[in-house]
Amino acid sequence: METQGRLIVDVARLAKDGEWFRGETADNLLDLGESEFVTPEGGMCYALKVELIGSELLVRGEVRQRLTCVCSRCAENFVTEVVEPEFVQSYEINATTDFVDLTEEVREAIILALPGYPVCSESCRGLCMTCGTNLNNAACRCHEEGKDHRWAALDVLKTDLDASRSKRARPREK
Ligand SMILES: [Zn+2]
Ligand SMILES: [Zn+2]
């Protein structure tokens with residue numbers, strides 16, 4: 001199926017009752033552009049049944065891609081795999097169609113399956129907002145006194161606001 005690492009079906013050579021194609025495309029066909037958080041590892045993997053039904057080339061199966069992601073909570077790298085288990089695509093075929101290139105549709109299916117906020121594990125505890133400690137590896141002392149320091153700045157702001165409000169309110173209180 002592959003020509004120069006892309007996913008190309010040779011329509012004339014396709015078996016009458018369809019064929020399964022399994023393999024991996026060339027590296028970096030996924031091409032995520034400038035993404036700093038997701039990097040493809042190797043090519044896109046596919047297991048696709050391709051059949052010609054009338055004037056339609058029907059492609060069904062599974063596509064997957066290994067990735068290195070940056071965890072959106074703890075900022076550590078981790079390796080994962082995204083899978084689209086129900087890839088379906090059809091292509092109009094006419095008498096002059098020799099080859100059909102599936103690469104772009106497979107690429108889109110994988111991009112749609114990418115996590116918006118990758119996490120290394122559902123139980124990842126992330127970084128402390130105050131001191132930056134990775135809470136998966138170590139505890140920090142920021143929250144020990146029963147007060148959440150993230151709100152400390154907000155508390156000061158609130159106190160100031162309350163003070164200025166009561167100042168303004170005073171003349172009316174006669
Ligand atoms: Zn994490
Ligand atoms: Zn901390």
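Above this text is the structure in question.
Residues numbered from 1 in each chain as written. Chains lettered and ligands numbered in written order. Predicted model: local features only at pLDDT ≥ 70, side-chain atom pairs only at ≥ 80, totals over all residues. Heavy atoms only, no water.

Quick question: what am I supposed to make of the overall build of the chain here?
A tally of regular secondary structure across the chain gives two helices and seven strands. Listed by position from the N terminus, the elements making up the chain come as β-β-β-β-β-β-β-α-α. Expressed as a percentage of the 174 residues in the chain, the buried residues total 30%. Within the chain, counting contacts between residues at least 6 apart in sequence, those at least 24 apart form 55% of the total. Accessible surface, the chain: about 11700 Å² in total, of which carbon and sulfur atoms supply 49%. (Helix = DSSP H or I, 4+ residues; strand = E, 2+ residues; numbered from the N terminus. Buried < 20%, exposed > 50% of the residue type's maximum accessible area, 1.4 Å probe, protein only. Contact = heavy atoms within 4.5 Å. Areas by Shrake-Rupley, 256 points an atom, 1.4 Å probe, with all protein chains shown as cover.)

Can you help me understand the coordination of the zinc ion (ligand 1) in this one?
As a benchmark, a tetrahedral metal site with four donors has ideal angles of 109.5 degrees, while an octahedral site with six donors has ideal angles of 90 or 180 degrees. Donor atoms from the polypeptide that bind the zinc ion (ligand 1) are Cys-71 (SG), Cys-74 (SG), Cys-120 (SG) and Cys-124 (SG), placed at 2.3 to 2.4 Å. For the zinc ion (ligand 1), the four donor atoms are set out with angles of 105 to 113 degrees between them, so the coordination reads as tetrahedral. Read in sequence order, the donor residues coordinating the zinc ion (ligand 1) give the pattern C-x2-C-x45-C-x3-C. Placement of the pair is Cys-74 in the loop between strand E5 (56-70) and strand E6 (77-92) and Cys-120 in the loop between helix H1 (103-113) and helix H2 (152-169), with a sequence separation of 46 residues. (Donors = N, O, S within 2.8 Å, 3.2 Å for Na, K, Ca; no water. Tetrahedral: all angles 85-135°; square planar, octahedral: opposite > 155°, others 65-115°.)

I tried to follow the coordination of the zinc ion (ligand 2) on my own but got confused; where do I start?
Taken together, Cys-128 (SG), Cys-131 (SG), Cys-140 (SG) and Cys-142 (SG) make up the protein donors of the zinc ion (ligand 2), found 2.3 Å from the metal. Because the angles between the four donor atoms bound to the zinc ion (ligand 2) fall within 105 to 114 degrees, the donor set is best described as tetrahedral. Each donor residue of the zinc ion (ligand 2) lies on the same chain, and together they follow the pattern C-x2-C-x8-C-x1-C. In this pair, Cys-128 is assigned in the loop between H1 and H2 and Cys-140 in the loop between H1 and H2, connecting sequence segments 12 residues apart. Note on accessibility: Cys-128 and Cys-140 belong to one class, buried.

Mind showing me how you'd approach the nonpolar core here?
Residues Leu-48, Leu-57, Val-63, Leu-102 and Val-106 are the most contacted members of the largest nonpolar core, which totals 31 residues. When contributions to this core are tallied by element, the ones reaching two or more residues are strand E2 (6-10), strand E4 (38-53), E5, E6 and H1. (Core = buried A, V, L, I, M, F, W, Y, C linked by side-chain atoms within 4.5 Å.)

Would you take a moment to explain the environment of Tyr-46 for this structure?
With respect to the helices, strands and loops of the structure, Tyr-46 is situated in strand E4. It is 9.9 Å that separates the C-alpha atoms of Tyr-46 and Pro-85, two residues lying 39 residues apart in sequence.

I'm lost on the pattern of salt bridges in this one. Help?
Where side chains of opposite charge bring their charged atoms close, a pairing between them can arise. Enumeration according to the criterion identifies six salt bridges in this entry. The partner of Asp-10 in a salt bridge is Arg-13, and the shortest N-O contact between them spans 3.7 Å. Among the residues examined, Arg-13 registers a relative accessible area of 71% and is labelled exposed. For Arg-64, the salt bridge identified is with Glu-62, shortest N-O distance 2.8 Å. A relative accessible area of 25% places Arg-64 in the partly exposed class. Each of the salt bridges in this network shares a partner with another, and the network as a whole consists of Glu-62, Arg-64 and Glu-81. (Salt bridge = Lys/Arg side-chain N within 4 Å of Asp/Glu carboxyl O.)

What is the right way to read the environment of Gly-42 from this model?
Its location among the elements puts Gly-42 in strand E4. Assessed through its relative accessible area of 23%, Gly-42 is described here as partly exposed. In this structure the C-alpha to C-alpha distance between Gly-42 and Asp-27, which are 15 residues apart in sequence, comes to 4.8 Å. Leaving out residues up to four positions away in the same chain, Gly-42 has contacts with Glu-24, Asp-27, Asn-28 and Gln-65.

Teacher, can you tell me more about the sheet that holds E4 here?
Note: strands within a sheet are paired through backbone hydrogen bonds, in either parallel or antiparallel orientation. With respect to topology, four strands assemble into an open sheet ordered E3-E4-E5-E6, the strand pairing being antiparallel. One side of each edge strand has no neighbouring strand; the edge strands of this open sheet are strand E3 (19-24) and E6. Put simply, the sheet's adjacent strands are angled 10 degrees from each other on average, direction ignored. Taken together, the 14 bridges between E5 and E6 define a ladder with antiparallel strand orientation. Each bridged residue has a counterpart across the sheet, and for Arg-64 the counterpart in E6 is Val-83. (Pairing = 2+ DSSP bridges. Axes fitted to C-alpha atoms, helices over the stretch in contact; angles between N-to-C directions.)

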